[in-house]
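Summary of structural features
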Amino acid sequence: MFRNVAELVELADSKQKKISALMIEQEMEVTGKSREQIIYQMGVNLDVMEQAVEKGLQGVRSVSGLTGGDAVLLQNYIKSGNSLSGEMLLDAVSKAVATNEVNAAMGTICATPTAGSAGVVPGTLFALQNKLKPSREEKIEFLFTAGAFGFVVANNASISGAAGGCQAEVGSASGMAAAAIVEMAGGTPAQSAEAMAITLKNMLGLVCDPVAGLVEVPCVKRNAMGAANAMVAADMALAGITSRIPCDEVIDAMYKIGQTMPSALRETAQGGLAATPTGRELEAKIFGIPLNKK
Amino acid sequence: MKFRSVFDIIGPVMIGPSSSHTAGAARIGRVARNLFNREPKWAHISFYGSFAKTYKGHGTDVAIVGGLLDFDTFDERIKESLEIARKKKIKITFREEEAVPEHPNTAKITVGDDDGELELVGISIGGGKIEIVELNGFKLRLSGHNPAILVVHDDRFGAIANVSNILAKHQINIGQMEVSRKEKGKMALMTIEVDQNLEDQVIDEITALPNITQVARIVD
């Protein structure tokens, strides 16, 4: 069993196996389930993710009306051919947004690692499709690799916004995605770890401040940028760039930052964007509560 | 390690919008339902911390009631659970508590009917994973992910051995076991997480043992 990223990478190198393979082996050991059962179950999750993206790209709107429709706007913009930051990057962003718009509309999604951060991993995965042409098995492997890195974060730090802020949710999701992108693109396990470290470093300190306590503003756009962050960090790692601070130490820093984060900035809708004049106004409107009562 | 399975990270499949505040809440409600072992006539639900501040926006209320109605995290009926409960004439009340809990996402559920009641405290620790930390005033730690039995018994010598003997006889492996009591020699609670679901016969045999007051089962 691996306890941290260093052990995971070492194990992969010594056994000459992919990280996804190690995650599957560990799952077999822990649950006593067969390889087929485990891969089947992940396949079900993959299907849910794909359906959520498709639904979001058709356009959805949340009950509060705060979010929805941005994935469609972005897809239309990509089709115009005028995009500046590149089609694949924007495709990942739009698919991450699509997933979280479906989530905000109380649709069916797969938490990766949480519902509020569910867009990043599928967004990047389905954007890579055209270029890397992965088989269904490879897409499932992508999820196991992302899961392996998320597993380490969840056990050594946190994946809960209420406990560690948005850095623990979208931050973790982005790091997981970056590591999985590297593996799918043919990078080494060590490069996966570098990609995760580079991504998470750029998410440190991110607070969880949802307007009206809803998983909408700013969550949907944080997933958008989480996907972009993961794609760029994966490219950096594949280019050979390394993080001066090792991945496990970045995870540890994230944990400690989360512990010192005030409660107002950990999913209580008491601070940050939730406490802005507009945030408060939206909250009052949605719940029909007069502003002075908040 | 709190998280043992990759499906704690990539999963669960669920109705949005929040894994901790929606899916986790549904799971806490469902554990209460399983332990009560029947549909309650009424439920009092208290929210603490982040749950208290944001439950309306996250659908924590509909999710927890969905759980009490035995709906899983991906059951579309969660969205209409309050309406369904009303039609079934289940009386539900919610309270936003001011007290600062140990964990930010804490809910206390009391359910009951004419024949009895049950109170539990659950926490949602992230990604949809939950722990039950208190049952009828007893402290415990129950993930809700493995099949488990809860045995209320008199705090007497041999009570624990008798229960584990029956499990051994049926070749059931104990993954984790915890015993707690409020006072020496009075009522105590055994929490036993096992590797496979338990047949009725096992439960019946344990119930028939001396010094055993109540046995509840949680299926995986």
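Higher on the page you've got the structure.
Let me begin by describing the structure that accompanies this report.

What counts and what doesn't
Residues numbered from 1 in each chain as written. Chains lettered and ligands numbered in written order. Predicted model: local features only at pLDDT ≥ 70, side-chain atom pairs only at ≥ 80, totals over all residues. Heavy atoms only, no water. Pairing = 2+ DSSP bridges. Helix = DSSP H or I, 4+ residues; strand = E, 2+ residues; numbered from the N terminus. Axes fitted to C-alpha atoms, helices over the stretch in contact; angles between N-to-C directions. Parallel < 35°, antiparallel > 145°, perpendicular 65-115°, else oblique. Left-handed = near helix turned anticlockwise from the far one by under 90°. Contact = heavy atoms within 4.5 Å. Nonpolar A, V, L, I, M, F, W, Y, C, P; charged D, E, K, R; others polar.

Considering the pairing of strand 9 (residues 174-181) of chain B
Residues and elements named next belong to chain B. Note that strand 9 and strand 10 (residues 187-194) share 7 bridges and pair antiparallel. Looking at strand 10, one finds that Glu178 is bridged to Thr191. The turn linking strand 9 back onto strand 10 is made up of 5 residues, and Gly185 within it adopts a positive phi angle of 80 degrees.

Focus on the packing of helix 9 (residues 166-184) of chain A against helix 11 (residues 219-238) of chain A
The axes of two packed helices give the description: the angle between them and the distance between them. Residue and element names in this part refer to chain A. It is at 8 Å that the axes of helix 9 and helix 11 come closest, and there the two elements cross at 40 degrees. Judged by the angle between their axes, helix 9 and helix 11 are oblique. Regarding helix 9 and helix 11, the two cross each other, and that crossing is right-handed. Contacts between helix 9 and helix 11 involve Cys166, Val170, Ser174, Ala177, Ala178, Ile181 and Val182 from the former and Arg222, Asn223, Gly226, Ala230, Met231, Ala234, Ala237 and Leu238 from the latter. Within the contact of helix 9 with helix 11, the residues separate by chemical class into 11 nonpolar, 3 polar and 1 charged.

Focus: the sheet that holds strand 11 (residues 212-218) of chain B
Residues and elements named next belong to chain B. The 4 strands lie next to each other as 9-10-8-11, forming an open sheet whose pairing is antiparallel. The open sheet has two edge strands with one neighbour each: strand 9 and strand 11. Neighbour-to-neighbour, the strand axes of this sheet turn through a mean angle of 15 degrees, independent of strand direction. As defined by bridge partners, strand 8 (residues 148-154) adjoins strand 11 across 6 bridges and the pair is classed as antiparallel. Bridging from a neighbouring strand, Ala148 pairs with Ile218 of strand 11. Of the strands in this sheet, strand 8, strand 9, strand 10 and strand 11 touch helix 5 (residues 159-169), which is tilted by about 25 degrees from strand 10.

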